[in-house]
Structure formats: structure tokens, C-alpha cells
Amino acid sequence: MNDTISRLLRELRLSGMSESLEVRLTEAASNKLTHLEFLELVLTDESLVRSDRRVARGIKRAGFRDVRRLEDFDFSFNKSIDRQRIFDLASGHFLRESKDVLLCGPPGTGKSHLVQAIGHAVIRSGAMVYYRSIFDVVRDFLHDEVNGGEERVLSRYLKPDLLIIDDMGMKQLPKRSGEYLFEIIMRRHEVRSTMMTTNRPLEDWGKLIGDVPSASAILDRFLQSAEIMKISGKSYRLSGEKNSKGAKAPTGSDADNKE
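Residues numbered from 1 in each chain as written. Predicted model: local features only at pLDDT ≥ 70, side-chain atom pairs only at ≥ 80, totals over all residues. Heavy atoms only, no water.

**Let's talk about the overall build of the protein chain**
Link 1 in the chain: When you go through the protein chain residue by residue, the secondary structure sums to 12 helices and five strands.
Link 2 in the chain: Classification of the 259 residues of the protein chain by burial places 47% in the buried group.
Link 3 in the chain: Taking all contacts inside the protein chain whose residues are at least 6 apart in sequence as the whole, residues at least 24 apart take part in 79%.
Link 4 in the chain: Total accessible area on the protein chain is roughly 14,000 Å²; 51% of this is exposed by carbon and sulfur atoms. (Helix = DSSP H or I, 4+ residues; strand = E, 2+ residues; numbered from the N terminus. Buried < 20%, exposed > 50% of the residue type's maximum accessible area, 1.4 Å probe, protein only. Contact = heavy atoms within 4.5 Å. Areas by Shrake-Rupley, 256 points an atom, 1.4 Å probe, with all protein chains shown as cover.)

What follows is the structure in C-alpha cells.
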């Protein structure tokens, strides 16, 4: 590859093509590829590099607690989880219908792993995702309210194709939490998809946010078109603790599956 081609590739920001061009030139000469076959190869190289970068940016923007993938999840450990249903969600069909999703179940059964893995999958399909725990949501609004930036933080929650709110029910939330959550759910309702996890029964949400009317209004909208998945069974984390004491537990990444 001569200096002129190298410079032009840099100017046109064709780094994927630049990285593979020497190899592709050798391959073209060895296999006597036609011009069109060669062009297809280098354009494919560029497309793959750009796709990988887009996914990396999307994952960073999402703010996941952990980078989780469905292929790392041990479905055999918890038979209550419908594997086909999870992969169906990962296909992103519910985003096209602006449907919401709620995963209910006790701590440690894989809810956080699953929602982050679904988020990762739909990013690869081109969707914009934002992940926050319920505590992060409240903290964001409280912080920006003090600084007069409520609209700025709200726009961050309204823009994504998929908003994931994790950990509902871990502990009681501060005052006004219900107002913030209601505003998000109301503004996203039937416009964008929201996915939530909870380890407490829905009837306890009023106590959790300290505002029964807000909890009722939130659930009224959220559950209208939501797909609800109930998860039961043993805890991955508790099994991991028992394993450290000599009891049998999932091996490999299975023990790392979080709520």
C-alpha cells in the first residue's frame, strides 16, 4: 500500500479498510479475485469495524453495571426462566411495539444479568439503551433538581429506545421518588420501551416509594402493555457461597450470575 492510498484512507476515515488492505491485496493476488470480489471484501472489513465501534459506544453509553451476555447465563440452573422468551426479548421485537417488560423474582435469581444481557443484544441490533438502578434514578433527579437541571436529566431518560431500571424493591426509597418514577413512566408510555426488575410484590411498591397514589399511577400505565416474567428458584449467589464451603454450585460463569 503506497503513501497516497494510506493518506486517503486516513482522510476518509476508512480505518477498517486500512488495517486489512495489505492482507486483502495478497489474498486477491493469490486467489485471482475479480475487482468486485476484492471490493466486497474490503468494504465488508470496513463495515465490521464500524459496527464493532458502534456497539462499543452503545455499551459505554448504556452505563451497564456489568457487561453481561445471554450466552454466559446458565439457564439450566433455574428452570423457572423461560429461555425462549428471554431470547425473544433479546431480538428486540418489543421495542418496535413500544412495550414494557417487568421481571419479578427474589434476589440472586439472575434478573440483573438477564436485563443487561437483553440490553447488550438490542444494542447490537442498533437500539439505544440506558441502564440505571432505581437508586441511580432518584439520585440523578435529586442532584439535578438542586442545580436546576430537571429537564436535562429527564431528557436522558426519555431519549433511549430502551430504558432499564433495575433493583426496584431492594430498600425503601427517598421522598419524591414516586414523582420522578411516575414522570419517566408517564412520558415514555406507549412511546418508548421500559424494562424493570423487582424483588418485591407489586402491592408493596406504594410502601417502597412512600407514595401509594404515585405507585398506583405508575403501575396503571406500566402494566397496561407490559410483558411480565416471574422468576423463582434458588439464588446463584447463595449457591456460590455454599460452594466455597464445599457444597455443590454452578461452575464457571454460572456462579457469577447476579440478580
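**Brief notes about the pattern of salt bridges**
As a working rule, side chains carrying opposite charge can pair if their charged atoms are close by.
Link 1 in the chain: Enumeration over the complete set of coordinates arrives at 15 salt bridges.
Link 2 in the chain: Ionic pairing is found between Arg139 and Asp136, a salt bridge with its closest N-O pair at 2.8 Å. With Arg139 and Asp136 both in helix α7 (residues 134-146), this residue pair falls three residues apart, about one helical turn.
Link 3 in the chain: Salt bridges sharing partners connect three or more residues here, namely Arg24, Glu27 and Asp45. (Salt bridge = Lys/Arg side-chain N within 4 Å of Asp/Glu carboxyl O.)

**Let's talk about the nonpolar core**
Link 1 in the chain: Ranked by internal contacts, the top residues of the largest apolar core, which has 30 residues, are Ile134, Phe141, Tyr157, Met168, Leu181, Met196 and Trp205.
Link 2 in the chain: Looking at this core, the elements that each hand over two or more residues are β1 (101-104), α7, α8 (150-158), β3 (162-168), α9 (177-188), α10 (205-209) and α11 (212-222).
Link 3 in the chain: Contact partners of Trp205, with chain neighbours within four places excluded, come to Leu102, Met168, Met196, Thr198, Arg200, Ala215, Ile218 and Leu219.
Link 4 in the chain: Grouped together as the second largest cluster of nonpolar side chains are 29 residues, Val55, Ile86, Ala90 and Val115 included. (Core = buried A, V, L, I, M, F, W, Y, C linked by side-chain atoms within 4.5 Å.)

**Observations concerning the confidence of the model for the protein chain**
Link 1 in the chain: Here the protein chain averages 85 in pLDDT, while 88% of its residues score no lower than 70.
Link 2 in the chain: Strand β2 (residues 129-133) holds the highest mean pLDDT among the elements of the protein chain, 96, whereas helix α12 (residues 236-244) holds the lowest, 52. (pLDDT = per-residue confidence, 0-100.)

**As for the pairing of strand β4 (residues 193-198)**
Successive side chains on a regular strand alternate, one facing one side of the sheet and the next facing the other.
Link 1 in the chain: Here β4 lies mainly inside the structure; six of its six residues are buried.
Link 2 in the chain: Neither face of β4 is open: one carries Ser193, Met195 and Thr197, the other Thr194, Met196 and Thr198, and all of them are buried.
Link 3 in the chain: Bridge count for β1 against β4 is four bridges, and the pairing is parallel. The residue bridging Val101 from the neighbouring strand is Met195, located in β4.
Link 4 in the chain: Viewed along the sheet, the connection from β3 through α9 into β4 turns out right-handed. (Pairing = 2+ DSSP bridges. Right-handed = clockwise from strand over helix to strand, strands pointing away.)

**Quick look at helix α2 (residues 15-31)**
Link 1 in the chain: In this model α2 runs 24 Å from its N-terminal to its C-terminal C-alpha over 17 residues, within 8% of the 24 Å that 1.5 Å per residue would give.
Link 2 in the chain: The largest bend in α2 is about 50°, located at Leu21.
Link 3 in the chain: Those residues of α2 that fall on the buried side of the exposure criterion are Gly16, Met17, Ser20, Leu21, Arg24 and Ala28.
Link 4 in the chain: Residues of α2 that are buried in the fold lie against α1 (3-11) and α3 (35-62).
Link 5 in the chain: Positive phi shows up at Lys32, right after α2, with a value of about 50°. (Expected span 1.5 Å × (residues − 1). Bend = angle between axes of the 7 residues up to and from the residue.)

**Focus on a positive patch on the surface**
Link 1 in the chain: Residues Arg53, Arg54, Arg57, Arg61, Arg124 and Lys159 make up a contiguous surface patch of positive charge.
Link 2 in the chain: Here the positive patch takes four residues from α3, the largest share from any one element.
Link 3 in the chain: The exposure class of Arg54 is partly exposed, given its relative accessible area of 31%. (Patch = residues over 30% accessible without salt bridge, like charges linked within 9 Å, V, L, I, M, F, W, Y side chains within 5 Å. Lys, Arg positive; Asp, Glu negative; His and termini not counted. Charge placed at Lys NZ, Arg CZ, Asp CG, Glu CD.)

**So, the side chain of Ser133**
Link 1 in the chain: You can see Ser133 is positioned in strand β2.
Link 2 in the chain: For Ser133, the contacting residues outside a window of four places in its chain are Arg65, Asp166 and Asp167.

**Re the pairing of β1**
Link 1 in the chain: Every second residue of β1 is oriented toward a common face, with Val101 and Leu103 on one face and Leu102 and Cys104 on the other, all of them buried.
Link 2 in the chain: Examined bridge by bridge, β1 and strand β5 (residues 227-230) share four bridges and lie parallel to one another. Opposite Leu103, over in β5, you have Met229 as the bridge partner.

**What about the environment of Leu114?**
Link 1 in the chain: Tracing the backbone through its elements, the reader meets Leu114 in helix α6 (residues 111-124).
Link 2 in the chain: Considering only alpha carbons, one finds Leu114 and Arg68, 46 residues apart in sequence, at a separation of 7.6 Å.
Link 3 in the chain: Every residue in contact with Leu114, bar those within four places of it in the chain, is listed here: Leu70, Phe73, Phe75, Ile81, Ile86, Leu103 and Ile231.

**A closer look at the sheet that holds β5**
Link 1 in the chain: Read across the open sheet, the five strands follow the order β2-β3-β4-β1-β5; overall the sheet is parallel. Each end of this open sheet is capped by a strand with a single partner; those strands are β2 and β5. With direction set aside, neighbouring strand axes in the sheet form an average angle of 10°. (Axes fitted to C-alpha atoms, helices over the stretch in contact; angles between N-to-C directions.)

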